[in-house]
Structures are given as structure tokens and as C-alpha cells.
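Tertiary structure, described
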Amino acid sequence: MRRNLLALALSAVFVAAHGCGDELISLNDPCAKEHCDVSVCGDKCEEFWLDFLNRDSDGDTIPDYLDNCPNVYNPDQKDSNGNGIGDACEEDNGEKWVDTDGDTVPDHLDNCPTIYNPDQKDSNGNGIGDACEEDNGEKWVDTDGDTVPDHLDNCPTVYNPDQKDSNGNGIGDACEEDDGEEWIDTDGDTIPDHLDNCPTVYNPDQADFNNDGRGDACAAGTQDDPFVISVGDCGVTYRDVNDTSKSTSSLIDAYPGFLHLDESGPEFYYIFKVTKTSRIDISLDAEPAGVDVDIHLLSSLSPLTLVARADRVISQVISPGTYWIVADTYVSNGKPMPGKYGLNVTITPNAAGTKDDPILIGCGPVTVPSAFIDQRSTVDATSNIFTTYPGHENLLQNGPEYIYKFTLREKARFHANLRTPEPSGTDIDLHLLADLAPTLIARSDNRIWRTLDPGTYYLVLDTYQNKRGRFILDVQFRPVAVTGAHTFNDYILKAVDHLEANWARRGYGSSAYTHDLPYGTSVVQKGPLAPLTMCVAAVAETILVAMDIYAKETGDTSVWDHLPARSWASQTDTNIKGHIWVKSSINAGGTSDALTVFGMGMTVPFEELVPGSFVNLNRTGGTGHAVVFLSFLDTNCNEYSHYRSDVVGFKYYSSQGTATNGGFDYRYAVFDGKTVNNCPANARRDTTVIRTDRQNYLNTGIMYHPSAWLKTSLASSIPSLTAPIVIPFDEIKFDGVTIDDAWEGGIP
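None of the values given here were measured: they were computed from a predicted structure.

Considerations on unusual backbone geometry
Put simply, valine 368 and proline 369 share a cis peptide bond, and its omega is 5 degrees. Each neighbour pair has its own omega, and for alanine 437 with proline 438 the value is 5 degrees, a cis peptide bond. Residue position: proline 438 is located in the loop between strand S24 (428–435) and strand S25 (439–444). The phi angle at glutamine 465 is positive, at roughly 45 degrees, despite the residue not being glycine. Looking at the secondary structure, you find glutamine 465 in the loop between strand S27 (455–463) and strand S28 (470–478). Residue glutamine 465 is classed as partly exposed on the basis of its relative accessible area, which comes to 40%. A positive phi angle is found at asparagine 678, which is not glycine, with a value near 70 degrees. If you trace the backbone, asparagine 678 turns up in the loop between strand S36 (662–671) and strand S37 (685–689).

Here it is, written out as C-alpha cells:
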């Protein structure tokens, strides 16, 4: 069938060819590859065929010439009648098929065309789907709502769509009795306790890595019973939050090559298996004060074989095999430093990052929301097919590049970020492409954000003027909507009300908070000039108060785990408070940029803001301001929660004014050249605000609900590329001799 489809495709009269001008090229044209005369056609032959072979019009990852329905997304290639035409393109008697019940099966092929049943289940094989089956002339009844009719259900009163019957006695496990008693399902995973390999933890998959009868979900994290990281064909993204003070294991005191480091404190073990060469990135969240947990990647426990170790981050290419990760407690001067840690592990099949072997972002179509982190060096890149990009021919990208590929099934917001500053002598740029012709969508030195339609895209990290070097790439995909349960706007507005009622107009100055702010079991200190505060601190304080209100209302204390308290305490380059400042050295444009690169929000256009969003504005006089957005304004000072064509400004909340006449307050921002009348008589105004779509002048965005926060490289505390390199004491050399060797050799 595939060969027939190819033959059908090759018999097409005309095919559009990128790179050959705007004309259509016939397959009988002398520039078709099999008839090609290079002296006449040059590169047009190869470009035409590359485009032809790679074209995927519907973005379902199947090239058009192999696709049984090339213009409609159908990655499953379902062909119910086997005629070579996918159901998604099938016609019935010359008419496009009708799908009354919306289950993707056309009515003329559907065994139950009026009731949604994409599985087409037909338990008795009579050609009538169970969803339409009758029992003794009556429409079947499904008492438990599991889509299996009562007369066919092995447990008709308890929901069990899998119909699992572990002992084969005809009674579903969901109705099975244990010693004459109705079974108990403590963890609610539909598997009775007496059959469940982990009865107290939800694990419907019953995964058991080492086949010892104890489910992976009940692992203790010891050498004999390690936590299991299940790696699929496309790899895995894994996270665990644990506490080494609760570990019962302390077997490894030191690791090969690092015997001088005392790791005799308690540890937790993780195990995983890879079947193909893969990249693994491991990171630890920033630890609480007094805690020091280190990470170790091992290929064997006996003998102890260390692949890599680090205080915080490991990035490694590994061969197929079984590996262990050990989160071990460091002992300082005889004092163990156990405690809470957050472990982040990303394992992906290794790819060359070339046209033929691109680095895949996501396993199949990208999940929204999701995040992707990658660390590499273009020194190691083997691809160099692009030297310039359309519209930017003056920029010489003549160094090697890495090519990434991803597919979107739904419209989504895309954000790609290269960590800055780059290492000295390194210059790598971002290019978002619709194809490898290339058709350029966007280019940037370090950051691209776009709303993308469904389809397949490429992201190329290319070296400018051959200035090769290391990079850290963050990519995020977010829903298009800026309201709803996935946003944090309601809590931001509650925080504004709280601050206005309790801490307003206490004075403007410095970057201090007005008062000590609770942060889980920690405190973010108010600062020496409190209750005076200024705009950057005011916005950060609003976020922290909103997080505290959320934690108290919901009981969800995980809100404090995403970033350490110290990330809100100072304005250093790797802290979120430092990114709320507008700092070109780290490409920080304001609050929305900060929330985005720390995985807590997303940059969106000004027109899409809603109350409780954030703005960093700039004035024509050269000053800037960080604020909480409250409403749009028209010329009569009417307020609107959504953008209109007559908007000339907006209302906000922040800190401004003077030390004696300022602090948290409301203010009206008016775009330069516009006027607003009829506002309250005592209303403060900004009247020279720059209105622009450029985010470095008007930085606008939203904050997400904590359940939608993602771990980016900054949120995972992955150090900056320009951070000092820490060399173990025993590796420091003088004139080629290590300190340890010198000591053992008797040299003072």
C-alpha cells in the first residue's frame, strides 16, 4: 500500500517546489531529480526533491507521499475498509462521509453510528457495536457507566471498563470477594487490596521493575528497593520531592574519584534502564539552608562505578544499560546535612541535531503545557547547512548548528529562551522555521515567543560568525487562553486588596518589602528601609502575598517548592527578583519575562491582558515602572476587563511617589499623546507611557496557577554558563602536580 501511495503521489501533474522560485514544477520537468541536468538546474533538483519527500501538509508527522489523507490530520492512518484512502478523507457514494456521533468513524463504517464509540467494541461479534446492542429486544443498560452493557459486564454495578479478571473465574476483580468478604480498594486504583502489588498507593498499571511482587509505587528508595524511573521509547521527564532525613539507607560513604568528599549521610536510590543511547539531564532544586544533598549517576553498584557526580547538575550522554541515581547527604566537618530536596530528571534518546536526525521536542505531538531543557555546545555540532536566513542575509550564521523539531496538535503559545549572558567568545542565535527550506518565522539573539497553529516546526540554534560554545535552551508550550483555572489572576487581585487594606502608602524607596513575608516555613525578610518599598519589590510582594493567600485557602504548600525563599530576597542574576528588574545583561525585560523564564507565567500581547496581569512600562522620559494591571481605560476613564479599540491607557497598582508621600497605590497610565478625562480628582497619573508591541518597552504577561508551573533551567537552579567552575580540591594542580600527589610525594 505504501508503494502504491508513492506511485500515486509521483503521478501528480504538478508539485510546488520551495527554493525554485514561485513557479510550479512538473515531475516531467528536466529539474525533476531523475531527469536532472545539473548544468541547467543547479541545486533546484535536490531542493525540489527534499521538499517533496519532507512535505507534511497536515502536520501529522507522515509525509504527504505516504499519507493516506495528506490534507487532514490523521496520524493513526486509519483505513477501515482497506481501500488505501484514510477514513479522514473517505467518501460514501461520492459524498464526504458523515460522522453523526463524532467518534471519527464514518457512519457507513460505524457499527453504532448514533452513539460515540471510537473503539467500535462488539463483544458478541454480531456486527452491532456494544454501544447500540440490545438485550432481549431492549436497549442494554449500563448501570455502572463503564461503557460495558450489564449483560456483558463481569461486574455490572462497579465501574471497571478494563473488565480485569485476575483469577479467570468470570467475576471481575472489581466485584471479587476475598475470603467471602467484599474486597477493599484502599488506594482507589480499581485493583482490590488482596490482588494489588501496592495496595496503599494508586498504581493501576501495577508496574514492577524487578518483578519482586512489590509494586514500584511502594518502593522504599533503598538499594534493594529503589525508586523506579520508567523510561519509554521517547524518554521520560521525572520529578521527585523527598527528604534524606527520612531515609533508612546509608551504605555509600564516598564515591570513586571523590574519596575526599564525605557522603556518609543517608541516601535515596533511583533506578532506570535505557535501551538506546540517550541524553540524561539531572538537577536538584536549590536546597534549604542547612541541607546539602549531592547527586551521583552510577552504572553499577557492585563494583561501585561512577559515571558522574555533582552538587546540583549533571548532563551526560549514556549508552544502553541500567543505571542508578543516588541522592546522597554530604557530611561537613562530621555533621550530616540531610533534608528536603527536589530531583529533576530528563532522559531523551540522543540525536545528532541534524536535518536527518533532529532533536525531537516531545514524544509525538507536544503536550500543552510542557517544558523542555537542553544543554549542549555547538563545538560538538555536526550540522552546518545554514549560513544565512531569509530577511537576515547580512547576519552570517556560518558556524555549526543544532536542529530541533516539534509538532503541535493544538494552537499554543511557544517560548524559546537561551540563557544569558553567553560564555565569552560564544554567540548562538535562535531561528524558528516552518520548514527546512528554510521558511523563517522568527529570529532572535536569545528569545522567541509566538502563538503557533497546529503543525510541524523547527528550531535552529545556529552559531553566529563561527563563535562556537555552550548554551542552555529552555522551550515552553502554553495554552492560548489567558483566563480560567490555569491562571493565578484571582489571587493576584486578592493580594492587591490585602495590600491596599494593610500596607498602602507607607512610603516609597529602596527595594525593600513593606513587611516580613511568610514563605512556607521560611520568611522573606522585609529589608532595612521597610515599610518603604519601590515598584520591583512591590510587584514581587504582591506575588508573594498572593501565594500565601493561595496556600492558606487551599492547603497546597507545594507553592513554596518551586523556588527557594532566597530567590525572592535579592536581585542577583539567577533569582526571580533580579529578573523582574529590567537588566539587559541577562535579557530581563520585566515581570512577565521573569515569570516566563522561571516557568511561572507567559509573555502575552498587551491586548490580551486581563485584570491581575503584569506590566513593565517605559516612559518617554526614559524611566520605567513595574506594575499590576487592573483594567483598560478609554478617554472617559471608563474601565474594561478586556481590550477595546478605543483604549488609551490602563489602571494599575504598584508602589510610587516619595519616601513621605508614596508607597502602594492605584494609578492611571495614559499612552503618550492620548488623554483621559473624568478620572477621580485625586487620581495619580502616568501620562507619557510608551505604547508599543515591543516587549522590551512594554513587557506584558500573566502568571499561571501553581499546578501549571513548569521546571525551567532557572527554576531548577541550573547554574549560569558564566558561573565560576568549581574544581575539586584534589584536582587543583601546580606545575602539573595535584595537591594530593604533592602531599604524598613529600612536597610541602
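Quick look at the nonpolar core
Soluble globular proteins tend to bury their nonpolar side chains together. Met547, Trp568 and Phe650 are the most contacted members of the largest nonpolar core, which has 69 residues in total. Here this core takes 14 residues from helix H5 (residues 535–554), the largest share from any one element. Beyond its immediate sequence surroundings of up to four residues, tryptophan 568 is in contact with Tyr513, Tyr519, Val524, Ala540, Ile543, Leu544, Met547, Leu563, Ile576, Lys577 and Met600. Residues Ile359, Tyr404, Tyr457 and Leu461 belong to the second largest nonpolar core, which totals 28 residues.

Examining the state of the cysteines
What we call a disulfide is simply a covalent bond connecting the sulfur atoms of a pair of cysteines. Under the defined criterion, the tally for this structure stands at five disulfides. Note that cysteine 112 is cross-linked by a disulfide to cysteine 132, the S-S spacing being 1.9 Å. Negative torsions about the S-S bond denote left-handed disulfides, and the value of about 70 degrees found for cysteine 112 with cysteine 132 makes this one right-handed. Taken as a pair, cysteine 112 in the loop between strand S4 (95–96) and strand S5 (134–135) and cysteine 132 in the loop between S4 and S5 lie far apart in primary sequence, 20 residues in all. Just as cysteine 112 is buried, cysteine 132 falls in that class too.

Here we look at the environment of threonine 329
Residue placement: threonine 329 occurs in strand S16 (residues 321–329). Threonine 329 gets classed as buried once you look at its relative accessible area, which sits at 0%. A sequence separation of 35 residues divides threonine 329 from aspartate 294, and the C-alpha atoms of the two residues are 6.3 Å apart. Look past the residues within four positions of threonine 329 in its chain and what remains in contact with it is Thr244, Asp262, Glu263, Ser264, Gly265, Pro266, Asp292, Pro336, Met337 and Pro338. Looking at threonine 329, its side chain comes within polar contact range of the side chain of threonine 244, at 3.0 Å.

What about the pairing of S36?
Of all 10 residues that make up S36, nine are buried, and the element is covered over most of its length. Bridge count for strand S35 (residues 649–657) against S36 is nine bridges, and the pairing is antiparallel. If you follow serine 655 over to S36, its bridge partner there is phenylalanine 664. Linking S35 to S36, which pair antiparallel, is a turn of four residues. Across three bridges, the pairing between S36 and S37 is parallel.

What to know about the packing of helix H4 (residues 489–502) against H5
For the pair H4 and H5, interaxial distance at closest approach is 8 Å and the crossing angle is 110 degrees. Our classification of the angle between H4 and H5 gives roughly perpendicular. Here H4 contributes Tyr491, Ile492, Lys494, Ala495, Val496, His498 and Leu499 to the contact with H5, which in turn contributes Glu541, Thr542, Ile543, Val545, Ala546, Ile549, Tyr550, Glu553 and Thr554. Of the residues that constitute the contact of H4 with H5, the class distribution is 10 nonpolar, three polar and three charged.

A word on the sheet that holds S28
Taken in spatial order, the four strands of this open sheet run S21-S28-S23-S26, and their pairing is antiparallel. Both outer strands of the open sheet, strand S21 (370–377) and strand S26 (447–452), are each paired with one neighbouring strand and no more. The sheet shows a mean angle of 15 degrees between the axes of neighbouring strands, direction not considered. Of the strand pairs in this sheet, strand S23 (residues 412–418) and S26 are connected by six bridges, and their pairing is antiparallel.

Re the sheet that holds strand S10 (residues 236–243)
In sheet architecture, strand pairing relies on hydrogen bonds along the backbone and comes in two forms, parallel and antiparallel. With antiparallel pairing, four strands are arranged side by side in an open sheet as S10-S19-S12-S15. With one partner strand each, in any of the chains shown, S10 and strand S15 (313–318) form the two edges of the open sheet. On average, each strand axis in the sheet is inclined to that of its neighbour by 15 degrees, with strand direction left out of account. Summarising the sheet, strand S12 (residues 278–284) and S15 pair through six bridges and their orientation is antiparallel.

A word on the pattern of salt bridges
Summed over all chains, the structure comprises 26 salt bridges. Here arginine 505 and glutamate 500 are joined by a salt bridge, their closest N and O atoms 2.6 Å apart. Overall, arginine 505 belongs to the partly exposed group, its relative accessible area being 43%. By relative accessible area, which is 21% here, glutamate 500 ends up partly exposed.

Definitions and cut-offs
- Residues numbered from 1 in each chain as written.
- Predicted model: local features only at pLDDT ≥ 70, side-chain atom pairs only at ≥ 80, totals over all residues.
- Heavy atoms only, no water.
- Helix = DSSP H or I, 4+ residues; strand = E, 2+ residues; numbered from the N terminus.
- Buried < 20%, exposed > 50% of the residue type's maximum accessible area, 1.4 Å probe, protein only.
- Core = buried A, V, L, I, M, F, W, Y, C linked by side-chain atoms within 4.5 Å.
- Contact = heavy atoms within 4.5 Å.
- Disulfide = S-S within 2.5 Å.
- Polar contact = N/O pair within 3.5 Å; in protein donor to acceptor, adjacent residues only side chain to side chain.
- Pairing = 2+ DSSP bridges.
- Axes fitted to C-alpha atoms, helices over the stretch in contact; angles between N-to-C directions.
- Parallel < 35°, antiparallel > 145°, perpendicular 65-115°, else oblique.
- Nonpolar A, V, L, I, M, F, W, Y, C, P; charged D, E, K, R; others polar.
- Salt bridge = Lys/Arg side-chain N within 4 Å of Asp/Glu carboxyl O.

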